[in-house]
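Close look at the chain arrangement
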Amino acid sequence: MKLLLHACCGPCSLEPVRILQQAGHDITIFYANSNIAPGEEYAHRLLTLKTWTQGVNLPVIEGSYQPALWAEKVGCFGLAHNNPFQREQRCRACYKLRLEETALYAAQNGFEGIATTLSVSPYQYTSIIQEELQKAAGIADVTPLFEDFRPYYEEATRRSRALGMYRQNYCGCSYSYQEAEYERAERKAARAAERAAYEAAHAEERAAEEAARLARRTEREAYAQKQARKHAVLKALREQAKKTSSSDL
């Protein structure tokens, strides 16, 4: 199949490309990611992707970068620190926008089907990705080719690190960045609280051990002093006995 593969970044493309090529598909990568912010991050991810694809002789087409359109269609959902449903809805709208762009480009440029690398990440909503891929393909009258690539996430991670690829630490949009920072801070605070609780729980135990060590040391010192006094008395008695014996002579 002449396949247009929507790609979110270089690291996430490694395993999907390998698997789809092994299946015999003719792949062109489509970088359509108006969600990525700021612009420097968008360019960094694109450069990482292109650097790799040049080495494996794989064509890359850049879609339109329209952060204002993304803000209009997706940004309305806003931050979702403690609202999983809100985050799910925001991600659905984001998938929809990017996959519809992919499907439209495919239909207009002679591609038979579309696929996406989004399903590599275990942090994405895989079933929603599948739904939106199929919907977008249906609208554009191209074939949807969905595969759950999550089982290959660890291998993709290993390969991307071995290749020295830039690996981002948030999904892409400004909201995901803020939420990732918030969650990292929460995990850090939780670890600190856990350490503090551990230290507090063991402080009494350590104090008891120290008191026991001090008691043993005090006991040893007292015994040593007692023995020293005993030896001194015995020495004095021996000396006195010697003097008495000498005077009797």
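Data block above holds the structure.
**A short note on the sheet that holds strand β4 (residues 113-116)**
As summarised here, the arrangement of the five strands in space is β3-β2-β1-β4-β5, forming an open sheet in which the pairing is parallel. Lying at the two open borders of the sheet, with one neighbouring strand each, are β3 (60-62) and β5 (143-144). In terms of strand pairing, strand β1 (residues 2-6) meets β4 through four bridges, oriented parallel. Following the sheet pairing, Leu5 is matched in β4 by Ala115. Here helix α4 (residues 84-108) sits on the sheet and contacts β1, β2 (26-31), β3 and β4; the angle it forms with β1, its principal contact strand, is near 155°.

**Some thoughts on the nonpolar core**
One finds Leu5, Leu20, Ile29, Trp52, Tyr95, Ile114 and Val142 to be the most contacted residues of the largest nonpolar core, which totals 41 residues. At the level of elements, β1, α1 (14-22), β2, α2 (39-55), α4, β4 and α5 (126-140) are the ones that each hand at least two residues to this core.

**A few points about α1**
Those residues of α1 lying buried are Leu14, Glu15, Pro16, Val17, Ile19 and Leu20. Those residues of α1 that are buried lie in contact with β1, β2, α2, β4 and α6 (153-162). Residue Gly24 follows α1 closely and has a positive phi angle near 95°.

**Side note on the packing of α4 against α5**
Orientation of α4 relative to α5, taken along the N-to-C sense of each, is 35°, at an axis distance of 8 Å. Viewed along their axes, α4 and α5 form a crossing whose handedness is right-handed. Every residue of α5 that contacts α4 at Glu88, Arg92, Tyr95, Lys96, Leu99, Glu100, Ala103, Leu104 and Ala107 is listed here: Ile128, Ile129, Glu131, Glu132, Leu133, Lys135, Ala136, Ala137, Ile139 and Ala140. For the contact of α4 with α5, the class distribution of residues is twelve nonpolar, no polar and seven charged.

**Considerations on the environment of Leu49**
With respect to the helices, strands and loops of the structure, Leu49 is situated in helix α2. Leu49 sits in the buried class, given a relative accessible area of 0%. Along the sequence, Leu49 and Cys9 sit 40 residues apart, while their C-alpha atoms lie 6.0 Å from each other. In this structure, Leu49 is in contact with Ala7, Cys9, Gly10, Ser13, Ile29, Tyr31 and Val60, ignoring residues within four places of it in sequence.

About the thresholds
- Residues numbered from 1 in each chain as written.
- Predicted model: local features only at pLDDT ≥ 70, side-chain atom pairs only at ≥ 80, totals over all residues.
- Heavy atoms only, no water.
- Pairing = 2+ DSSP bridges.
- Helix = DSSP H or I, 4+ residues; strand = E, 2+ residues; numbered from the N terminus.
- Contact = heavy atoms within 4.5 Å.
- Axes fitted to C-alpha atoms, helices over the stretch in contact; angles between N-to-C directions.
- Core = buried A, V, L, I, M, F, W, Y, C linked by side-chain atoms within 4.5 Å.
- Buried < 20%, exposed > 50% of the residue type's maximum accessible area, 1.4 Å probe, protein only.
- Left-handed = near helix turned anticlockwise from the far one by under 90°.
- Nonpolar A, V, L, I, M, F, W, Y, C, P; charged D, E, K, R; others polar.

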